[in-house]
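# Topology and contacts: notes
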Amino acid sequence: MDEIRSGLSEVHCDVLVIGGGTAGPMAAIKARKKDPKANVILLEKANVKRSGAISMGMDGLNNSVIPGYATPEQYTKEITIANDGIVDQAPVYKYAQNCFSIIQELDSYGIRFQKNQNGDFDVKKVHHIGTYVLPMPNGETVKKALYRQLRRERVLISNRFMATRLLTGKDGRVAGAICVNTRSAEFLVIRAKAVILCMGAAGRLGLPTSGYLFGTYENAANSGDGYAMAYHAGAGLANLECYQINPLIKDYNGPSCAYVAGPFGGYTANNEGNRFIECDYWSGQMMQEFYNELQSGKGPVFLKLNHLAPETVSEIERVLHIVERPTRGRFHANRGTDYKETMIEMHISEIGFCSGHSASGVYVDEFARTTVPGLYAAGDMASVPHNYMLGAFTNGAVAGEHAVDFVKEVNFADYDPAAITAEQERVLAPTKREDGIPPNQIEYKIRRLVNDYLQPPKVTRKMELAQKRFAEVRDDLNTAMYARDSHELMRALETQSIIDCADMAAAASLFRTESRWGLYHNRVEYPGRDDENWFCHSILTKGADGKPSLTKKEIAPYIIEIEEHERDAYYKQRIHASEAAE
Ligand SMILES: Cc1cc2nc3c(=O)[nH]c(=O)nc-3n(C[C@H](O)[C@H](O)[C@H](O)COP(=O)(O)OP(=O)(O)OC[C@H]3O[C@@H](n4cnc5c(N)ncnc54)[C@H](O)[C@@H]3O)c2cc1C
């Protein structure tokens with residue numbers, strides 16, 4: 001098993017969807033539903049049955065826009081404010097308009113959502129302004145339900161294939177992808193008229209404080225391959241300096257999760273047991289307040305449930321210990337942490353890229369189109385901010401439906417066959433050496449350097465040093481990385497995506513000479529927002545020298561106006577001592 005075999009096959013399809021987690025299955029299902037004659041392939045590095053962020057299940061929809069609770073206009077306004085104004089509203093507004101029908105569709109698949117006694121959706125308030133969180137009492141069934149739909153729509157599924165590079169035609173249009181079998185290292189070239197990237201967050205960028213390479217918050221298979229592939233294909237990536245940083249359970253690195261506990265009366269507290277933030281909705285400013293509390297000597301920070309009635313705590317445990325991460329209950333049982341007695345220690349996570357929770361992603365418009373013709377992106381790797389699971393489903397659907405129409409207008413783009421030979425050489429290089437440095441050591445080094453030099457608060461000199469160190473590691477990676485079998489080869493390829501993401505994170509952070517998004521882009525030498533110069537996207541592309549190149553892009557005119565007094569709502573998070581005492 002896992003021996004390295006040589007082999008190269010080629011297949012064709014109309015629409016290739018890469019990543020079978022959340023957005024990917026929905027993109028494939030919707031493409032087939034819209035045009036049952038279309039040839040749609042869903043390619044997955046792991047197995048579609050249990051892959052991606054939702055592999056074990058999910059506690060709820062964090063951002064549902066349900067009539068009677070919220071309107072698309074309200075939601076668009078809230079996300080614009082939560083993301084410090086740096087938002088093209090069209091994709092957010094479109095999501096907000098479409099997501100209710102996706103909830104109804106998911107409901108029809110058998111994924112039940114919490115309803116009240118009247119049979120209406122039982123939506124909870126967690127965000128700063130509106131009410132959007134919809135619990136999923138049987139959220140552990142979500143993957144099974146999706147899989148049934150994939151079978152029903154006869155989507156062609158290719159498991160255990162890792163996409164490594166996109167192919168592009170001479171006219172710049174996408175032409176397909178090159179993939180490697182993770183069990184045999186054989187190559188598969190998939191020619192496609194349209195490609196939809198749904199490869200999730202870059203979740204293995206920083207190193208968790210536990211030191212475990214795979215002890216990440218994100219699904220650990222999401223190593224940023226999608227970001228790297230889009231970059232090498234010439235796509236623009238937006239606002240990568242807006243990192244993902246989360247408040248997580250210390251040492252466990254999973255969500256704590258105030259979204260579930262908040263509606264029951266749980267909250268984030270300091271070591272005195274006092275509340276210090278008004279709202280537990282994850283935002284850069286919330287993370288900044290968390291950081292400030294730690295710096296003030298009032299840390300650690302905790303999730304506080306021990307003031308609640310024992311029956312209420314049991315109800316919270318029933319969700320948190322079963323649905324999303326069943327290991328959580330065991331982790332705390334082994335530590336002897338009883339939620340009824342003790343507060344749950346949290347910490348600040350390592351950095352990553354993820355639009356699902358922040359904003360950094362491959363730039364897309366309201367049809368999920370990237371800047372490369374025929375190339376789409378959806379879910380955590382596309383630039384629609386605060387997207388979460390329902391955003392992945394909804395925008396995956398948008399991508400699938402648009403792509404299946406697009407392919408009717410075009411033929412296959414011609415690519416240069418030399419691109420395949422070059423990619424085979426790049427991929428197999430670590431297998432051609434007699435000895436060398438294993439991928440896990442190179443990965444550890446990159447991610448430790450990410451923590452040392454890129455973790456906010458960001459300091460210019462540190463980020464410049466990071467770039468130097470990354471260049472040295474890249475040299476080792478190119479000349480000395482060594483893979484013994486096809487499994488290690490996959491790790492070696494992931495390491496190459498991780499170093500690409502690390503370089504992009506440093507370059508984007510150095511470009512934006514202001515502070516924005518709270519802790520996510522807190523630059524010590526440039527405190528405060530500079531709207532005059534930086535009320536814009538930063539767009540990163542691959543420069544002619546093969547290195548990240550950055551430009552500014554105007555924010556598209558707002559569809560929903562934001563009043564002057566509303567703009568800073570997320571900046572008013574801190575509860576002051578006088579208020580806490582009231
Ligand atoms: C721990 C955790 C808890 C969360 N809780 C909630 C919640 O309660 N509510 C909510 O609304 N949202 C929640 N989210 C967010 C939500 O789960 C994500 O936003 C959403 O699932 C992302 O979907 P996606 O399709 O972009 O990525 P994923 O579902 O992660 O799918 C990406 C897929 O791409 C595959 N892949 C990666 N690289 C390659 C490659 N090179 N070749 C082939 N395949 C590849 C991966 O194996 C994976 O299957 C949570 C996220 C996490 C991590």
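Structure: see above.
Summary of the structure given here. (Residues numbered from 1 in each chain as written. Predicted model: local features only at pLDDT ≥ 70, side-chain atom pairs only at ≥ 80, totals over all residues. Heavy atoms only, no water.)

Attention now moves to the sheet that holds strand E9 (residues 237-238). Strands sit in the order E14-E9-E16-E17 across an open sheet of four strands; the sheet is antiparallel. The open sheet has two edge strands, strand E14 (361-362) and strand E17 (548-554), and neither has a second partner. Bridging between strand E16 (residues 536-542) and E17 involves seven bridges; their strand directions are antiparallel. For Lys542, the partnering residue across the bridge sits in E17 and is Pro548. Running at roughly 75° to E16, helix H5 (residues 225-232) makes contact with E9, E14, E16 and E17 of the sheet. With respect to the sheet, helix H14 (residues 486-511) is in contact with E9, E16 and E17, its orientation differing from that of E17 by roughly 50°. (Pairing = 2+ DSSP bridges. Helix = DSSP H or I, 4+ residues; strand = E, 2+ residues; numbered from the N terminus. Contact = heavy atoms within 4.5 Å. Axes fitted to C-alpha atoms, helices over the stretch in contact; angles between N-to-C directions.)

A word on the pattern of salt bridges. A complete count under the given rule lists 38 salt bridges for this structure. Across the pair Glu443 and Arg447 runs a salt bridge, and its minimum N-O distance is 2.6 Å. Here Glu443 pairs with Arg447, and both are found in helix H12 (residues 439-454), just four residues apart, close to one helical turn. For Glu443, a relative accessible area of 1% gives the class buried. One network of salt bridges, in which partners are shared, links Asp84, Glu241, Arg512, Glu514, Arg516, Arg529, Asp531 and Asp568. (Salt bridge = Lys/Arg side-chain N within 4 Å of Asp/Glu carboxyl O. Buried < 20%, exposed > 50% of the residue type's maximum accessible area, 1.4 Å probe, protein only.)

For the rest of this paragraph, the subject is the environment of Ser355. By the element assignment, Ser355 lies in the loop between strand E13 (344-348) and E14. With relative accessibility at 0%, the residue Ser355 sits in the buried group. Separated by 217 residues in sequence, Ser355 and Lys572 place their C-alpha atoms 23 Å apart. With residues near it in sequence (within four places) discarded, Ser355 still touches Tyr227, Ser360, Gly379, Asp380, Met381, Ala382, Ser383, Val384, Pro385, His386 and Asn387. A distance of 3.2 Å separates the side chain of Ser355 from the backbone oxygen of Gly379, its partner in a polar contact. (Polar contact = N/O pair within 3.5 Å; in protein donor to acceptor, adjacent residues only side chain to side chain.)

For any pair of aromatic rings, geometry is given as the distance between the ring centres together with the angle between the planes. Following the criterion strictly, the structure yields 11 aromatic pairs and no others. Taking the centre distance of 6.3 Å and the plane angle of 75° together, the rings of Phe113 and Phe121 count as edge-to-face. Since its relative accessible area comes to 11%, Phe121 is described here as buried. Aromatic pair Tyr281 and Tyr388: ring centres 6.4 Å apart, planes at 50°, arrangement tilted. In this pair, Tyr281 is assigned in the loop between strand E11 (267-269) and helix H7 (284-295) and Tyr388 in helix H10 (residues 388-409), connecting sequence segments 107 residues apart. The pair Tyr281 / Tyr388 is uniform in exposure class, with both members buried. Through pairs of rings, three or more aromatic residues link up here, namely Tyr75, Tyr95 and Tyr132. Over the aromatic face of Phe412 sits the side chain of Lys193, whose NZ or CZ is 5.2 Å from the ring centroid. (Phe/Tyr/Trp six-rings, centres within 6.5 Å; stacked < 30°, edge-to-face > 60°. Lys NZ or Arg CZ within 6 Å of the ring centre and 35° of its normal.)

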